[in-house]
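Topology and contacts: notes
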Amino acid sequence: MKILIINSGSSSIKFQLMDMPSETLICSGLVERIGYQFATINYKTGKTTIQHTHNIENHKQGLRKVVDLLLDKENGVIAKTDEIEVVGHRVVHGGNSFSDTTLITSEVKAKIQQYAALAPLHNPGNLEGILVAEEIFPSAKQVAIFDTAFHQTIPEKAKKYAIPNALYEEHGIQVYGFHGTSHQYVSEKAIAYLKPKATKIITIHLGNGCSMTAVKDGKSIDHTLGFTPSNGLIMGSRSGDIDHAIIFHLVNNLNYTLDEVKTLLTNKSGMLGLTGHMDLRDIQAEAEKGDKDCILALTMNAYRIKKYIGSYAAAMNGLDAIIFTAGIGENSSVIRKMVCEDMDFFGIILDEAKNELRSEGLREINTASSKVKVLVIPTNEELEIAKQAFELLS
Ligand code: ADP
C-alpha cells in the first residue's frame with residue numbers, strides 16, 4: 001500500500017511516500033520557509049536529491065510543487081496519481097472530537113475547520129492540504145492523524161485550568177496538547193532503547209513550534225502546550241507563557257484591538273519578537289557575532305526549557321531521560337548545551353564532544369556519570385502517521 005504522508009508545519013511541508021507495511025521509503029522531502037522570498041524544496045529518492053528555490057506564498061502552492069516532482073518524467077516516482085492509495089494528513093487540533101486516527105469525511109473537515117479557531121497557524125494549512133490532496137488524488141483514501149490524540153491520557157489535575165468548572169464541562173476549555181505524533185514516536189524509541197529504565201522521561205520537541213511532554217510509563221501525563229498551541233516554551237513567533245493580564249493591559253490601556261493582540265502573540269512574538277529573526281540558524285549566527293538581543297533570546301529560550309525540566313521531574317518524582325527532537329532539538333548543539341548547563345542537581349551531565357557530533361539516528365550525548373540519559377532522537381512523525389493510517393485501513 002503506497003501512503004503519501006503530508007505534514008504541514010507552521011512554515012513547512014514535510015512529505016514522504018511510503019510503502020506499507022514494509023515501511024519502505026520511496027521518496028521524501030521538505031518545503032521550507034513558506035511565505036519567505038526564498039522558499040526551498042528538497043526532494044530525495046533512492047536515486048536523486050534535488051533542491052529548488054522558489055517564491056512559495058502558501059501551503060497550496062507548496063503542495064502543488066511537491067506533486068509536480070512526484071510525477072516528474074525524469075525524477076518522479078509515480079506515473080499516475082492513482083498509484084497513491086492513501087494520503088495520511090497530520091492535523092494539529094482535534095479538540096475533544098478525535099482521540100484516534102480517522103477517515104476524513106465532510107463532518108471531519110467541518111470539525112477541523114471549527115478547531116482552526118484554536119490552532120490558527122496550523123489547522124488552516126492542514127485543511128488546505130486535505131482539500132488539495134482530495135483534488136489531486138480523488139481515488140485515494142484521506143486519513144487524519146491528530147496531534148492531540150497522544151495527550152488524551154493527561155490526568156484532570158494537569159489538564160484542567162483553575163477557572164469555573166462549567167467552562168471545562170460545557171465548553172471543553174482544557175489542555176489538549178500538541179505535537180502528539182512526535183512525542184509518541186520519540187518516547188517509544190527512547191523506551192525501546194533504554195529498556196527497562198525509561199519509566200520517567202521528558203520529550204523536548206523544538207521546531208518552529210516547541211513543546212515538552214512528561215511521559216510516565218509510556219503515557220503523556222503533562223505537556224507545555226495547552227488549549228491552543230500557544231502556551232509554554234518560547235517559539236519561533238509565539239510567546240509561550242505570559243501573564244494573561246498583559247492582554248487586558250494591551251487592550252484597555254495601550255489601545256490594541258483583540259485581533260492585534262492575537263497577531264502580536266502568535267505571529268510577532270517569540271524568537272522573532274525578541275530578535276527580528278525567526279529561524280534559529282540566523283539567531284545563532286548573529287549571537288556568534290555578538291548581537292546582544294540574540295544572545296539574550298537564546299538564553300531565555302534555554303532557561304524556559306530548564307524550568308519545565310525541573311517541573312516535570314517533580315511531577316514524576318524522578319527522571320530517567322530527556323530527549324531532544326525536531327529541527328532545533330536535533331540540530332542545535334548550542335541550545336542543547338545551554339539547556340543542560342548547571343543541571344547536575346537533576347543528574348544531567350552533557351558530554352560536550354558527543355553533543356557536537358552529528359549523525360543520522362538516535363544518539364546518547366550524556367557523560368558516563370550522568371544519572372539521566374540525554375538523547376537526540378530524530379523525530380519521524382511521517383512514519384508514525386503511516387503506521388497509524390495503515391493500521392486503520394488494514
Ligand atoms: P516546524 O515543523 O515546526 O516548521 P522544524 O522541526 O522543521 O519546524 O524546525 C524548524 C527550526 O529548526 C527552525 O527554527 C530552524 O532554524 C531550526 N533548524 C534547522 N536546522 C538547524 C540547524 N542546523 N541548526 C540550528 N537550527 C536549525
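The rules behind these values
Residues numbered from 1 in each chain as written. Predicted model: local features only at pLDDT ≥ 70, side-chain atom pairs only at ≥ 80, totals over all residues. Heavy atoms only, no water. Core = buried A, V, L, I, M, F, W, Y, C linked by side-chain atoms within 4.5 Å. Buried < 20%, exposed > 50% of the residue type's maximum accessible area, 1.4 Å probe, protein only. Helix = DSSP H or I, 4+ residues; strand = E, 2+ residues; numbered from the N terminus. Near = heavy atom within 4 Å. Polar contact = N/O pair within 3.5 Å; in protein donor to acceptor, adjacent residues only side chain to side chain. Areas by Shrake-Rupley, 256 points an atom, 1.4 Å probe, with all protein chains shown as cover. Nonpolar A, V, L, I, M, F, W, Y, C, P; charged D, E, K, R; others polar. Lys, Arg positive; Asp, Glu negative; His and termini not counted. Salt bridge = Lys/Arg side-chain N within 4 Å of Asp/Glu carboxyl O. Domains from an automatic or database assignment. Contact = heavy atoms within 4.5 Å. Buried area = accessible area lost by both parts, 1.4 Å probe. Pairing = 2+ DSSP bridges. Axes fitted to C-alpha atoms, helices over the stretch in contact; angles between N-to-C directions. Parallel < 35°, antiparallel > 145°, perpendicular 65-115°, else oblique. Left-handed = near helix turned anticlockwise from the far one by under 90°.

**Observations concerning the nonpolar core**
Among the nonpolar cores identified, the biggest contains 43 residues, and Ile 309 and Ile 322 are the most heavily contacted of them. When contributions to this core are tallied by element, the ones reaching two or more residues are strand S9 (200–206), strand S10 (210–216), helix H10 (280–288), helix H11 (292–316), strand S12 (321–325), helix H13 (333–340) and strand S14 (373–376). Ile 34, Ile 50, Val 132 and Ala 140 belong to the second largest nonpolar core, which has 26 residues in total.

**Brief notes about the site of the ligand**
Around the ligand sit 14 residues in total, of which Ser 12, Asn 208, Asp 279, Leu 280 and Gly 327 are the nearest. A distance of 3.1 Å is found between an oxygen atom of the ligand and a side-chain nitrogen or oxygen belonging to Asn 208. Ile 328 is positioned such that a nitrogen or oxygen atom in its backbone is 3.4 Å from an oxygen atom of the ligand. When the free accessible area of the ligand is taken as 580 Å², the share hidden by the protein chains comes to 85%. Those elements that place two or more of their residues in the shell around the ligand are H10 and helix H12 (326–331). Per element, the largest residue contribution to the shell around the ligand is 4 residues, and it comes from H12. Tallied by class, residues from the shell around the ligand come to 3 nonpolar, 8 polar and 3 charged.

**What to know about unusual backbone geometry**
Across the junction of Met 20 and Pro 21, the peptide omega takes the value 10°, indicating a cis bond. In this fold, Pro 21 is placed in the loop between strand S2 (13–19) and strand S3 (24–32). Residue Arg 33 is not a glycine yet carries a positive backbone phi of 60°. With respect to the helices and strands, the residue Arg 33 is situated in the loop between S3 and strand S4 (39–45). Residue Arg 33 is classed as partly exposed on the basis of its relative accessible area, which comes to 28%. With a phi angle near 50°, Asp 217 is a residue other than glycine that sits in the positive phi range. Residue classification places Asp 217 among the exposed residues on the basis of a relative accessible area of 55%.

**What to know about the side chain of Arg 238**
Mapped onto the elements, Arg 238 comes out in the loop between strand S11 (219–223) and helix H7 (245–252). Within the buried set, Arg 238 has no salt-bridge partner at all; the shortest N-O distance to an opposite charge, 9.0 Å, is to Asp 147. Within the structure, Arg 238 has its side chain in polar contact with the backbone oxygen of Pro 229 (distance 2.6 Å).

**Quick look at the domain arrangement of the protein**
Under the domain assignment, the protein is made up of domain 1 (2–146) and domain 2 (196–376). Listed per partner, the contact involves 12 residues of domain 1 and 12 residues of domain 2. Both faces considered, domain 1 and domain 2 share a buried interface measuring about 910 Å² in area, 51% of it formed by carbon and sulfur atoms. Counting the surface domain 1 buries against domain 2, the share from its top three residues, Arg 33, Leu 118 and Leu 121, is 45%.

**Re the sheet that holds S11**
If you walk across this open sheet you meet the 6 strands as S11-S10-S9-S12-S14-S13, and the pairing is mixed. With partners counted over all chains shown, the strands left at the sheet margins are S11 and strand S13 (363–364), one partner each. Contacts between H13 and the sheet are confined to S9, S12, S13 and S14, with S12 contributing the most and set at about 155° to the helix.

**Some points on the packing of helix H1 (residues 59–71) against helix H3 (residues 123–136)**
Relative orientation of the contacting elements H1 and H3 amounts to 40°, with a least axis distance of 9 Å. Judged on the interaxial angle alone, H3 and H1 are oblique. When the axes of H1 and H3 are compared, the crossing they make is right-handed. Every residue of H3 that contacts H1 at His 59, Lys 60, Leu 63, Arg 64 and Val 67 is listed here: Gly 125, Glu 128, Gly 129, Val 132, Glu 135 and Ile 136. When its residues are assigned to classes, the contact of H1 with H3 shows 4 nonpolar, 3 polar and 4 charged.

**Here's the deal with the sheet that holds S2**
By way of backbone hydrogen bonds, the strands of a sheet pair with one another, either parallel or antiparallel. Read across the sheet, 8 strands follow the order S5-S4-S3-S2-S1-S6-S8-S7 without closing on themselves; strand pairing throughout is mixed. Each edge of the sheet is formed by a strand with only one pairing partner; in this case those strands are strand S5 (49–54) and strand S7 (102–103). Of the pairings in the sheet, the one linking S7 to strand S8 (residues 141–146) comprises 2 bridges and is antiparallel in character. Its bridge partner being in S8, Leu 103 is matched across the sheet by Val 143.

**What to know about the environment of Gly 95**
Its location among the elements puts Gly 95 in the loop between strand S6 (86–91) and S7. Note on Gly 95: relative accessible area 0%, which makes it buried. For the pair Gly 95 and Gly 172, spaced 77 residues apart in sequence, the C-alpha to C-alpha distance is 8.0 Å. Excluding residues that lie within four positions of it along the chain, Gly 95 makes contacts with Tyr 115, Thr 148, Gln 152 and Tyr 176.

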